[in-house]
Amino acid sequence: MTLLDAVLSLSEAPESGEALQRILRALAQVTAADALSVLAAAEDGSVGVAAQIGLSPAAMGLSFRPAEHPRLRRATLAAGPIRFLDPSEPDPYSGWLLGNAGEIHPIHACMAVPLRVQGRLAGLLTLDALDPHGLGDLRDEDARVFAALCAGALRLDAGLAPALAPGAREAPGGPALPDRSAAMQRIEREIAMLAPLSVPVLVTGETGVGKERVARALHERSPRASRPLVIVNCAAIPAQLVESELFGHRKGAFTGATAARAGRFEAARGGTIFLDEIGELPLSAQAQLLRALQEGEIQPVGEDRPRRVEARVVAATNRDLRREVAEGRFRADLFHRLWVYPICVPPLRERREDIPALCERFAAEVAAELGAERVDFTESALRALAQGAFPGNVRELKNTVERAVLRRTLAEGKGATGRRLVLRREDVDPAETTASGALERSGAPLVEAAGERLLLGGAPGEEPVEALAETLERARREAFARAFRAAGGNAATAGRLLGLSRSFAYKEAVRLGLIPAPVPRKR
């Protein structure tokens, strides 16, 4: 493949993703690079892998915040190609190379070129060669040519808006939607189109699919990003307090109203109010909400005059609002006002190609919380996750990954701080990968204790069934012992591993005799 082939990729490739792959393949022909990638800039300041050669397939969609990676930060600020010569600077791709566990020796050839469109940073082109001299034959002028082609390919995709310019604000977290499926890329484009507008948006989808993430992305990419984002769970507000909670009340408006209070709409003035589970709103509150949408006015409970308020409304529901309207539980006029441009988030079972990227994101979050260097997956572990049912969608997947990290930490009996954890299949799917999985499928009664499954009773020659209280106490002692071993005796870390507060973990460990009781201070 020649440079001409790379140029033709821009006009012949069906989409920018394929064009990027063709450009990288052409670049691979003229270098000795072991890994090449294009990182696309997101509007929140992060950069995510949009195309790559030589990295693990799970790296697609992986995102980085340049502020946390010295090499990436220097590259985003560079005027042209930059070669990294300081081996003390960590390589962001260490652990992601195919083969040899993916590790990159500190001394290797590494290069990055900023991708710019109309003077703004659209992303980065990166090259890594395990041979320290592997990129010596690539001239900076040639690297600039390939970088310009990659920038042009990124520009083809409306969903990859170049937003990270020098001095752009750094926002916490990764991109709002790091998924790679066609459905989620469509949603990214819809968000890019709707974010600058003030029209209401209704986000629909099953429980746990990530509707709040869509709402946050709409706010963070809008001109309102510097103003408040107020999140309201309509299902959690008692029916008699909904109007007061949303629109406020005056002093003495009802029993218990001992002082005037501004509502959530007032708190969101100039920003965005996200009404989650809007299908749970009572009809009386729906009438007020309709007025707020149509006239920009709210009326606090007990007041005679309406107040002007300006806040963008994003709503979400897992209900079929058309059916709710037909059955008289939701106002038709409010439904049509919200249904300006609905965004439907598909369930995870319809976009399984997003699972690896989501797993990596959640694992990175847990690693940061535990102080681990990083958390990786074996191929069989990722395959098991990709085949999971996950009726709770993304939320359930996140819980599964977090449990897997804790299982692995407890199994190794060491603290996670500063270590690299590798999750195995038995960590993410223990019932399918242990002998007890067969017992579970056979219908034999099981009890789970300290992360292991124990068969209860039955056949001659087996150990007698002990009292339930003794079984639970033994399992409790073992779980606490493992947690404190893994935490190096630190009660706060052990409590986090067990999902408990530090004080409770400490007191229980003292009660179980795992750590000495505090010595009373002499008066």
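Up top is the structure these notes are about.
Each chain carries its own residue numbering, running from 1 in the written order of its sequence. Local features are withheld for residues below a pLDDT of 70 in this predicted model, meaning they are given only at 70 or higher, and side-chain atom pairs are given and counted only at 80 or more; totals for whole chains, interfaces and linings count all residues. Hydrogens are left out, water is left out, and the side-chain values use all remaining heavy atoms of the structure.

A. Representation of the packing of helix α5 (residues 182–194) against helix α6 (residues 211–220) in the model. Axis lines are fitted to C-alpha atoms, over the contacting stretch for helices. Their N-to-C directions set the angle, which ranges from 0 to 180 degrees. The helix count covers DSSP runs of H or I at least four residues long, the strand count covers runs of E at least two residues long, and both are numbered beginning at the N terminus. Axis separation between α5 and α6 bottoms out at 9 Å; the angle between their running directions is 40 degrees. The handedness of the crossing between α5 and α6 comes out as right-handed. Of α6, the residues touching α5 (which contributes I187, I191 and L194) are V214, A217 and L218. When the residues that make up the contact of α5 with α6 are grouped by side-chain class, the tally is 6 nonpolar, no polar and no charged. With the far helix as reference, a near helix turned anticlockwise by less than a right angle produces a left-handed crossing, and one turned clockwise produces a right-handed crossing. Throughout, a residue-residue contact means that at least one pair of heavy atoms, one from each residue, lies within 4.5 Å. Here the term charged refers only to Asp, Glu, Lys and Arg, the term nonpolar to Ala, Val, Leu, Ile, Met, Phe, Trp, Tyr, Cys and Pro, and the term polar to all other amino acids, Gly among them.

B. Summary view of the pattern of salt bridges. Any Lys or Arg side-chain nitrogen located within 4 Å of an Asp or Glu carboxyl oxygen qualifies as a salt bridge. Under the criterion given, the structure shown has 33 salt bridges. Residue R349 pairs with E206 through a salt bridge whose shortest N-O separation is 2.5 Å. Taken together, the residues span a long stretch of sequence, with R349 in the loop between β13 (343–344) and α12 (355–370) and E206 in the loop between β7 (201–204) and α6 at a distance of 143 residues. With a closest N to O distance of 3.3 Å, R307 and E266 form a salt bridge. With R307 in strand β11 (residues 307–308) and E266 in helix α8 (residues 264–267), the pair connects residues that are 41 residues apart, well separated along the chain.

C. Structural detail: unusual backbone geometry. In this model, E277 sits at a positive phi of 55 degrees, which is unusual for a non-glycine residue. Considering the arrangement of structural elements, one finds E277 in the loop between β9 (272–276) and α9 (283–295). Accessibility expressed as a relative area gives 16% for E277, which makes it buried. Even without being a glycine, F390 presents a positive backbone phi close to 50 degrees. Topologically, F390 is positioned in the loop between α13 (379–386) and α14 (393–412). To sort residues, take the accessible area from a 1.4 Å probe on protein chains only and compare it with the maximum for the residue type: under 20% means buried, over 50% means exposed, and anything in between is partly exposed.

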